[in-house]
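Here are the chains, one letter per residue:
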There are 2 protein chains.
Amino acid sequence: MRSPITFTGNPLDRADAVRSDPARLAALWARGGRLLQMEGLEPDLDGGALIWTEAGEAPKCETVFLGLDVSGIGHFAPVPAPDQASTAPASFNLWQALNGMDHGEIAIYGAARALVGWHARHRFCARCGGATAPAKGGWQRDCGACGAQHFPRTDPVVIMSVEHEGHLLLGRQPRFPPHRYSALAGFVEPGESIEEAVAREIFEEAGVKVRDVRYVASQPWPFPSSLMIAAHAFADDPALTIDHSELEDARWFTRAEVVEAMHARDRGEDGAAFSAPSRTAVAWHLLADWLED
Amino acid sequence: MRSPITFTGNPLDRADAVRSDPARLAALWARGGRLLQMEGLEPDLDGGALIWTEAGEAPKCETVFLGLDVSGIGHFAPVPAPDQASTAPASFNLWQALNGMDHGEIAIYGAARALVGWHARHRFCARCGGATAPAKGGWQRDCGACGAQHFPRTDPVVIMSVEHEGHLLLGRQPRFPPHRYSALAGFVEPGESIEEAVAREIFEEAGVKVRDVRYVASQPWPFPSSLMIAAHAFADDPALTIDHSELEDARWFTRAEVVEAMHARDRGEDGAAFSAPSRTAVAWHLLADWLED
């Protein structure tokens, strides 16, 4: 049985219509609204559970509206100070904590982190340099000087497994944990489709030409604001030309090696041909999808 | 035979490694480099063909590096003044011109338009309000004040056909031409997958719950910087609750009506149940994909 994709499954109703209704937002805040407790971009946790405080009693900081729960209670998150909103990957502590958290709570936190981080990093207008102010419950910022409207940013990233005669191409970035190999990845650029971005990135990083790119799955990834788009592709020629400015290494692994690495990761064991990506990452799903096929 | 997707198929090599090499960029500019002739964000055209000038002779404006052609010649595009870089959809003239343009040239122009428009609208640092300067051949802007790096923005948008018992759900926005119906669409938000965005948008705009979301195709769309992600989904209950702040109308069309509308659009005829989307739009491919299935 395939695990659900981490950071999906947010149980809150985003209630788009509420966002543009300041009176309703104020009422939701005052009448039992809940404010997510965060330190900068990291969640405060109580035994792996998110901590919510009564919104009405909390200090009046800048907040975003996350949505409504099934009882119609408004959920909010606080925007951190700019110096507390880095674009760094998840901290080791957060990474560990995700394993013990509820699937839906991870998704609520992920949406909150991406959104409040965007606010903290977008206090000024890219068009004119003027100060911006939050609007639409935190789903927009407006420039007080030139009137430009700005919307939260979501960056599409392609991440892909490549197959050649029963082998899978995986690579390692210098920042990876020891022995970790995972699917190659890169940002989709202006002017290209998902399929073109997949082919370009694999050729840039590993020198491999691919065909028959097939979409597999997607995942919101709030470090800081990516949409991971997972795909599978085939290569006819396995010769590698590795771009060492991007990758420390890239190798073709056999199906048996991938099976062993996935099992070893589930059992917390060492000794496989490589250390497989975490179940938290959509790369895990790419490998699982390949093994199922 | 399916037409290729408009704005894909850029024949230039993006040559990522060249971007970070100012000396090589300068040499490419000086030695036969070609500068795309544009008026603001619109292309100058000669009988439907893009017009290129010798880069070395052109005025020294801010430019971006588009890539290399098969002969290794550098291709560049000029960044317009901020007041010439609106986020409006394609002009009527451009829309008409696309029909007569070469597929690869449309893709070169689309990439150029998205990228130079981003520069014109991002002259200041969203983090601190300081002035930014282009870097990496135009694929980055750096803040002179706080040092933040900024990258071109690409906004993922889902666009989807919904099926119920042989009928297809299409809607019309107030800005559409008369009788035009097309696939529903909306921006992917922070914290949701493609599949979740599809379900949310259809429910928000038409009140319809969907299942079995299937990815179909993607398209870069430079008005101003979208990545269109086309999907198909199924609905069990066809009852519609239309959000009239988003849609003027939404209706279920029979297969025969969709076939007739696609044929009428190809023959330039009126009289079908609705006016089908242009072949230029990925919505056309969604409808064609549905009819083929």
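Keep in mind it's a predicted model, so treat the numbers as computed, not measured.

Trainee: Outline the interface of chain B and chain A, listing residues and values.
Mentor: Contacts between chain B and chain A engage 45 residues on the former and 45 residues on the latter. In this assembly, chain B packs against chain A so that about 3,800 Å² is buried in total across both faces, 53% of it on carbon and sulfur atoms. The largest per-residue losses of area from chain B upon contact with chain A belong to Arg-127, Arg-153 and Pro-190 of chain B, which jointly make up 18% of the total buried on that side. Counting across the chain B and chain A interface gives six salt bridges. Residues Glu-189 of chain B and Arg-19 of chain A are paired through a salt bridge, measuring 2.7 Å at the closest nitrogen-oxygen approach. At the junction of chain B and chain A, the tally comes to 26 residue pairs in polar contact (both at pLDDT 80 or more). Mapped by element, the contributors of at least two residues to the side of chain B that touches chain A are helix H1 (16-19), helix H4 (103-120), strand E12 (155-164), helix H5 (194-206), strand E15 (210-221) and strand E16 (226-235) of chain B. Sorting elements by how many residues they give to the side of chain B that touches chain A places H5 of chain B first, with five residues. Taken together, the residues that form the side of chain B that touches chain A break down as 21 nonpolar, ten polar and 14 charged.

Trainee: Explain the packing of aromatic side chains to me, and be specific about the residues and the numbers.
Mentor: In this structure the tally under the stated criterion is 21 aromatic pairs over all chains. Ring geometry for Tyr-181 of chain A against Phe-253 of chain A: centres 5.1 Å apart, planes inclined by 70°, an arrangement best described as edge-to-face. Linking Tyr-181 of chain A in the loop between strand E13 (167-172) and strand E14 (184-187) with Phe-253 of chain A in strand E17 (residues 249-254), this pair joins segments that are 72 residues apart in sequence. Each member of the pair, Tyr-181 of chain A as well as Phe-253 of chain A, is classed as buried. Measuring from centroid to centroid gives 5.6 Å for Trp-95 of chain B and Trp-221 of chain B, while their planes differ by 80°, and the two rings are edge-to-face. Of this pair, Trp-95 of chain B sits in helix H3 (residues 92-98) while Trp-221 of chain B sits in strand E15; the two residues are 126 residues apart in sequence, bridging distant segments of the chain.

Trainee: Can you tell me about the domain arrangement of chain A, naming the residues and giving the values?
Mentor: Residues and elements named next belong to chain A. One can read the domain layout of chain A as domain 1 (16-121), domain 2 (124-152) and domain 3 (155-292). Across the contact, ten residues belong to domain 1 and ten residues belong to domain 2. Note on domain 1 versus domain 2: buried area summed over both sides is about 980 Å², and carbon and sulfur give 64% of it. At the boundary of domain 1 and domain 2, one finds one salt bridge. Note that Arg-141 and Glu-62 form a salt bridge whose closest N and O atoms lie 2.8 Å from each other. For the pair domain 1 and domain 2, the number of links is six residue pairs in polar contact (both at pLDDT 80 or more). Of all the secondary-structure elements, those providing two or more residues to the side of domain 1 that touches domain 2 are helix H1 (16-19), strand E7 (63-68) and helix H4 (103-120).

Trainee: Describe the sheet that holds strand E1 (residues 34-36) of chain B, naming the residues involved and giving the relevant values.
Mentor: Residue and element names in this part refer to chain B. Within the open sheet, the four strands sit side by side as E6-E1-E8-E7. Their pairing is mixed. Each edge of the sheet is formed by a strand with only one pairing partner; in this case those strands are strand E6 (52-54) and strand E7 (63-68). Strand-to-strand twist of the sheet, defined as the mean angle between neighbouring strand axes without regard to direction, takes the value 35°. Running over the sheet, helix H2 (residues 22-30) touches E1, E7 and strand E8 (74-78) and is turned about 85° from E7. Strands in contact with H4 are E1, E6, E7 and E8; relative to E7, the strand with the most contacts, it is inclined by about 150°.

Trainee: Go over H4 of chain B with me, naming the residues and quoting the values.
Mentor: Residue and element names in this part refer to chain B. Given a rise of 1.5 Å per residue, 18 residues ought to cover 26 Å, and the 26 Å separating the end C-alpha atoms of H4 matches this to within 8%. Where burial is concerned, most of H4 is hidden: 17 out of the 18 residues are buried. Capping of H4 at its N-terminal end is provided by Asp-102; its side-chain oxygen lies 3.0 Å from the backbone amide nitrogen of Gly-104.

Trainee: Break down the state of the cysteines for me, with residues and values.
Mentor: Residues and elements named next belong to chain A. Per the counting criterion, the structure on display carries zero disulfides over all chains. With no disulfide of its own, Cys-125 lies 3.8 Å from the sulfur of Cys-146, the closest cysteine sulfur. Residue Cys-125 is classed as buried on the basis of its relative accessible area, which comes to 0%. What makes Cys-146 partly exposed here is its relative accessible area of 39%.

Trainee: For the nonpolar core, give the residues involved together with the corresponding values.
Mentor: Counting 53 residues, the largest nonpolar core has Leu-66, Ala-77, Ile-159, Val-258, Phe-274 and Leu-287 of chain B as its most contacted members. With eight residues, H4 of chain B is the single largest residue contributor to this core. Formed jointly, this core draws a minimum of three residues from each of two domains, domain 1 (16-121) and domain 2 (155-292) of chain B. Those residues within four positions of Leu-287 of chain B in sequence are excluded, and the remaining contacts are Leu-168, Leu-170, Val-258, Met-262, Phe-274 and Pro-277 of chain B. Core analysis: the next-biggest nonpolar cluster, separate from the first, contains 52 residues, Met-101, Val-216, Trp-221 and Phe-253 of chain A among them.

Trainee: Which residues make up the relation of the copies chain B and chain A, and what are the values?
Mentor: Superposing the two chain copies requires a rotation about an axis and a translation along that axis. Between the two copies, chain B and chain A, the superposition gives an RMSD of 0.0 Å; the rotation angle is 180° and the shift along the axis is 0.0 Å. Taken together, the turn and the small shift mark the pair as related by a two-fold rotation axis. Minimal C-alpha distance to the rotation axis in chain B is attained by Gly-129 of chain B, lying at 2.2 Å. Taken together, the interface assignments show that 100% of the residues at the interface of chain B recur at the interface of chain A, consistent with an identical surface on both copies.

Trainee: Account for the environment of Gln-140 of chain B, naming residues and giving values.
Mentor: Residue and element names in this part refer to chain B. Examined against the element boundaries, Gln-140 turns out to sit in strand E10 (residues 140-143). By relative accessible area, which is 7% here, Gln-140 ends up buried. Ignoring anything within four residues of it in the chain, the contact list for Gln-140 reads Trp-118, His-119, Ala-133, Pro-134, Ala-135, Gln-149, His-150, Phe-151 and Pro-152. Separated by 2.8 Å, the side chains of Gln-140 and Asp-142 make a polar contact.

Cut-offs applied
Residues numbered from 1 in each chain as written. Chains lettered and ligands numbered in written order. Predicted model: local features only at pLDDT ≥ 70, side-chain atom pairs only at ≥ 80, totals over all residues. Heavy atoms only, no water. Contact = heavy atoms within 4.5 Å. Buried area = accessible area lost by both parts, 1.4 Å probe. Salt bridge = Lys/Arg side-chain N within 4 Å of Asp/Glu carboxyl O. Polar contact = N/O pair within 3.5 Å; in protein donor to acceptor, adjacent residues only side chain to side chain. Helix = DSSP H or I, 4+ residues; strand = E, 2+ residues; numbered from the N terminus. Nonpolar A, V, L, I, M, F, W, Y, C, P; charged D, E, K, R; others polar. Phe/Tyr/Trp six-rings, centres within 6.5 Å; stacked < 30°, edge-to-face > 60°. Buried < 20%, exposed > 50% of the residue type's maximum accessible area, 1.4 Å probe, protein only. Domains from an automatic or database assignment. Pairing = 2+ DSSP bridges. Axes fitted to C-alpha atoms, helices over the stretch in contact; angles between N-to-C directions. Expected span 1.5 Å × (residues − 1). Disulfide = S-S within 2.5 Å. Core = buried A, V, L, I, M, F, W, Y, C linked by side-chain atoms within 4.5 Å. Least-squares fit on C-alpha atoms with pLDDT ≥ 70 in both.

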